[in-house]
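Observations on the model geometry
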Amino acid sequence: MAEITITDRIDGLLGQWGNQPQNLLQILIRVQQSLHHIPATAIDYLARKLGCPQVQVEGLVGFYSFLHVEPRGSYDILFSDNITDRMLGGQGVAAALAERLGVALGTTRSDGRVSVGYTFCTGMGDQGPAALVNGYTMTRLTPDRIGQMVELIEGAVPVTDWPQEWFVVEDNIQRRDILLQTALPDGAAIDRVLEIGVDALLQEMDASGLRGRGGAGFGTALKWRPCREATGADRVVVCNADEGEPGTFKDRLLLQRYADRVVEGMTLCAAVIGASKGFIYLRGEYLYLLKGLEAELQRRRESGLLGRSIRGREGFDFDIEIHLGAGAYICGEESALIESLEGKRGHPRVRPPFPVTSGYMGLPTVVNNVETFMAAAMIGVQGAEWFRSRGTEESSGTKLLTISGDCARPGIYEYPYGVTVEQVLTDCGAQDVQAVQVAGAAGSCVPPSEFGRQIAFEDLATGGSFMIFNQGRDLLEMVENFAAFFVHESCGFCTPCRVGTSLMHKRLTKVVVGHATRADMERMCDIGALMRKASHCGLGQTAANCILGTMDSFPALYAERLRSTSFEPAFDLDASLQEAREITGRDDPGAHLKGGGV
Amino acid sequence: MSGQFIIDHKPVPFEPGQTIMDAAMAAGIYIPHLCHNPEFHPHASCKLCTVKINGRPASACTTQAAEGAVVESETDELMDDRRILLKMLFVEGNHVCPACEKSGRCQLQAVAYYCNMLAPEFTHFYPQRDVDASHPDMVIDFNRCILCNLCVRASRDVDGKDVFAISGRGIGSHLIISSPSGRLGDSAFDAEDKAAQVCPVGAIMLKHQGYDVPIGQRLYDQEPVSVVGDVAKYVVKKHDQ
């Protein structure tokens, strides 16, 4: 009977997703949601129905962190384990909850009721510690909630009936500038392009100097124009809402409160490049935003702002589909994101060709960040001069910074580009600061001597992440957290990143426990330099930044933990004998090596 | 409209559409590689063929040759990089050259010799991996797989069978087999398949034969990989024996 139910359910999903192989990931996410795993029968059935090899489906399940072949608990709880969540006590809450539930962290309880484990940053750095329960975000988790949570789980109370206040995600806007201050009436940007024409609009975009807000800073008009000119049966607009860089949470706000403007920007882009199809690629951790976004798309369809003949213009057809991610940071890289949209493993593509000429299903595709689309819509209406009234020559406009860590007022701050680190620290009430990690795990660790530096593409570029560490923190804990993050998030495609991320983490751990020597430092430099040079994509090229950067800017962090010997083995010989001691039941002095066997 | 570019001061002619690797191979210039085989679409994952093109690092197997380009390949810096990449591949899996039947015909070993990589040096991962001997004619030793993707491409693009794929992620990436049990013996794999003939290392090997040629007298024992080229060119098929 159970098998009939599974195939029936999958038939329903297949129908809903048009029996398209490129929607395979979307179907698998729904199977995981309803069955708490992807059973072998489902893999087999989907492969047959979609006419794709069984190993392709298996390989897809094996790639994404939120898909599992082994059943997860009916309550699947994943604590956000970013360094900022740790600083707010997340690990303590996770351990206490797991203990009360009688389940080891990272496992599923034998009765199948509950799993408790960790995931990386869930985008709640200003209101952590955070966790996901069955994919839905819980914020500000405190130890006093544990008792009630255990009762709800043991009592099998559906998550939908849990206290609603546990699921509140606050906007937390601490500073507004032109982007968040200025109103944008529905359809105003679309009307503008229909009125002045595509060429004039593109000129306006050019003049505005708008650059990608995800952090890389590629000129927006430099993407839109070649995509418009590329040959293809259709064109595609993709909104990159895979906000995975640790410590970044601005898109969460824009998709919750300003979704109308983001979609307006996408529609404007569609008008410019001539696209009929659009996607919002929403990171799996933001599942709680899905309903609201779908409602917004529906509202716009009903208002003639999306769908057929937009604004009554015959032939201007454009609609948007939302695709969920499933726990893979690499899918924030635009070509990996496109692979994921096509229902594949998120491996970055070989470029050229670039997405603007050959993207989703080979069609010319523009991929822009959430904030970029919103800014584009605003520029469409307010004009380039308005936008250039803020920022620097090379970095026009404003930037949403997401501030977390040690400060009095964490949250979302809109600043003109060019603002100094010092100014930001003053505004958010940070004192006694040891370092600021700008641009997330792949970014730069800025020491106090450099707090005069500016947030700008020409100096400190960031997608928004701004994590503050005071003098009381051990910065190596942050470094270790990011090194572990990259081990988890490397896609595994190329040798330098797949192996290098693990080698770096192992050596760093040796430093943390006080076993490393100068030689280990030199090896990390060599490996890190190779990763920067030879990795296939930006993830691998920047994964060593945190270690190499802190070795450079905070040498004492490392120096004070190094051993003075020229060589230390990678393992502790005496500790390695523990298993043998347990098997033989010995623990006498003769069963130990003096000095750890070194 | 053919053109010319430079690799390590030597002029190399190329035809439109050729990659740096294609043109170098045609000109008899060796660029170290493991995941590349000219019969298949380039993959660019092993990164051993990383060269500098007009000063910028790129994979030779996927970068189009361009008129006048200045390519560096065998510089001290790039050979240092290759030694690190090779050490990474050695410590990631379980490679025991003296006990391996592929020794002397293994491209990983041959490229390591060519690049003067004398010891793995990095901490070994010692992963727990299986050997699958369920197939009557072939054996897979996952300990030696370097994720070059050649069997995946051969099975998909030539055999039309899709017997292989990569699953997992990051350091957990691994080869999987399409069959109800996940074992090779229950798959559509055949010793005559192209996928049985492209493995550059000792991961996919013929059964019922071993040490037919003494180690010391084998392909790469005679000549370096830079002279004799990829091992896949010399694979002995079952029916040839």
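Per chain, residue numbering runs from 1 following the sequence as it is written. Labels follow written order: the first chain is A, the first ligand is 1, and so on. Residue-level local features of this predicted model are given only where pLDDT is at least 70; pairs of side-chain atoms are given and counted only at 80 or more, and the full residue set underlies all totals for whole chains, interfaces and linings. Side-chain numbers come from the whole structure's heavy atoms, not from hydrogens or water.

**Observations regarding the sheet that holds strand β7 (residues 138-141) of chain B**
Residues and elements named next belong to chain B. Just so we agree on the cut-off: For two strands to pair, DSSP has to find at least two bridges joining them. In DSSP terms, a helix is any run of H or I states spanning at least four residues, a strand is any run of E spanning at least two, and both are numbered starting from the N terminus.
Spatial strand order, β6-β7-β10: three strands in an open sheet with antiparallel pairing. Each edge of the sheet is formed by a strand with only one pairing partner; in this case those strands are β6 (131-132) and β10 (204-206). Relative to β10, β7 runs antiparallel, the two sharing three bridges. Bridging from a neighbouring strand, V139 pairs with M205 of β10.

**Focus on the domain arrangement of chain A**
Our working rule: Residue ranges labeled as domains rest on an automatic or database domain assignment.
Taken domain by domain, chain A consists of domain 1 (6-63), domain 2 (75-170), domain 3 (175-388), domain 4 (398-473) and domain 5 (476-559). Domain 1 of chain A and domain 2 of chain A are separated by 28 Å when their C-alpha centres are compared.

**Structural notes on helix α19 (residues 475-489) of chain A**
The α-helix advances 3.6 residues per turn, and as a result positions three or four apart in sequence lie on the same side. All names here are of chain A. Applied cut-off: The span one expects for a helix is its residue count, reduced by one, times 1.5 Å. Working definition: with a 1.4 Å probe on protein chains only, accessible area under 20% of the residue-type maximum means buried, over 50% means exposed, and in between means partly exposed. Whenever two N or O atoms come within 3.5 Å, that pair is a polar contact, provided that in protein one can donate a hydrogen and the other can accept it, and provided that, for residues adjacent in sequence, both atoms are side-chain atoms.
Counted at 1.5 Å a residue, the expected span for α19 with its 15 residues is 21 Å, and the 21 Å between its end C-alpha atoms agrees. Among the 15 residues in α19, 12 count as buried, and that is most of the element. Among all positions of α19, only L475, L476, M478, V479, N481, F482, A483, A484, F485, F486, V487 and E489 are buried. Its side-chain oxygen at 3.0 Å from the backbone nitrogen of L476, D474 defines the N-terminal cap of α19.

**Focus on helix α3 (residues 107-114) of chain B**
Where we set the bar: The contact criterion used throughout is that any non-hydrogen atoms of two residues lie within 4.5 Å.
Among the eight residues of α3 of chain B, six are classified as buried, and the element is accordingly described as predominantly covered. Where α3 of chain B is buried, its residues meet α2 (76-92), α5 (219-222) and α6 (225-228) of chain B.

**Brief notes about the layout of surface pockets**
Heads up, the rule is: Only protein atoms enter the calculation, which uses a 1 Å grid: trapped sets of points that fit a 1.4 Å probe without letting it out are cavities, open sets showing protein on both sides within 12 Å along at least five of seven lines are pockets, and any residue with an atom within 4 Å of a point is a lining residue. Grid points are joined across faces, edges and corners, and a volume is the space filled by probe spheres set on the points. Classification convention: Asp, Glu, Lys, Arg as charged; Ala, Val, Leu, Ile, Met, Phe, Trp, Tyr, Cys, Pro as nonpolar; all other residues, Gly among them, as polar.
Of the volumes computed, that of the second largest pocket is approximately 1,000 Å³. Taken together, the residues of the lining of the second largest pocket break down into 19 nonpolar, 13 polar and 10 charged.

**Some words on the interface of chain B and chain A**
Applicable threshold: Salt bridges are defined by distance alone: a side-chain nitrogen of Lys or Arg within 4 Å of a carboxyl oxygen of Asp or Glu.
Listed as interface residues are 38 residues of chain B and, on the opposing side, 38 residues of chain A. On the surface where chain B and chain A come into contact, there are five salt bridges. We note a salt bridge from R523 of chain A to E121 of chain B, for which the minimum N-O separation is 3.5 Å. One can count 17 residue pairs in polar contact (both at pLDDT 80 or more) joining chain B with chain A. At the level of elements, α2, β8 (164-167) and β9 (174-177) of chain B are the ones that each hand at least two residues to the side of chain B that touches chain A. Of the residues forming the side of chain B that touches chain A, the biggest block, eight residues, is contributed by α2 of chain B.

**Structural notes on the packing of aromatic side chains**
Heads up, the rule is: Only centres within 6.5 Å qualify two rings of Phe, Tyr or Trp (six-membered ring in Trp) as a pair; their planes then separate them into stacked at under 30 degrees, edge-to-face at over 60, and tilted for everything else. The rule for a charge over a ring is simple: NZ of Lys or CZ of Arg within 6 Å of the ring centre, and within 35 degrees of the ring normal.
The final tally for this structure, using the stated rule, is 15 aromatic pairs over all chains. Arranged with centres 5.3 Å apart and planes meeting at 75 degrees, the rings of F120 of chain A and F485 of chain A form a pair that is edge-to-face. In this pair, F120 of chain A sits in the loop between β3 (114-119) and β4 (131-133) while F485 of chain A sits in helix α19, placing the two residues 365 residues apart along the sequence. For F120 of chain A, a relative accessible area of 15% gives the class buried. By relative accessible area, which is 2% here, F485 of chain A ends up buried. Aromatic ring contacts, followed pair by pair, group F120, Y329, F485 and F486 of chain A into a single cluster. Above the face of the F125 of chain B ring, K506 of chain A is positioned so that its terminal group lies 4.0 Å from the ring centre. One residue, R169 of chain B, lies across the ring of F63 of chain A, its end atom 5.6 Å from the ring centre.

**Here we look at the domain arrangement of chain B**
Residue and element names in this part refer to chain B. Quick reminder of the rule: Summed over both partners, buried area is the accessible surface (1.4 Å probe) that two parts give up on being assembled.
When cut into domains, chain B gives domain 1 (3-74) and domain 2 (88-208). Summarising the inter-unit geometry, the C-alpha centres of domain 1 and domain 2 are found 26 Å apart. Facing 14 residues of domain 1, the contacting portion of domain 2 comprises 17 residues. Here domain 1 and domain 2 share an interface that buries about 1,200 Å² over both sides, 65% of which is from carbon and sulfur atoms. Among the residues domain 1 hides against domain 2, the three largest losses belong to L34, F40 and H43. Together they make up 49% of the total. Our enumeration of links across domain 1 and domain 2 arrives at one salt bridge. Its salt-bridge partner being K194, residue E39 comes within 2.9 Å of it at the nearest N-O pair. Of the residues that constitute the side of domain 1 that touches domain 2, the class distribution is seven nonpolar, five polar and two charged.

**Let's talk about the pairing of strand β13 (residues 433-438) of chain A**
Residue and element names in this part refer to chain A. Counting buried residues in β13 gives six out of six residues, a clear majority hidden from the surface. Relative to strand β15 (residues 465-470), β13 runs antiparallel, the two being bridged by five bridges. By the bridge assignment, V438 is partnered in β15 with F466. The hairpin turn running from β13 into strand β14 (residues 444-446), its antiparallel successor, is five residues long, and A439 in that turn takes a positive phi close to 80 degrees.

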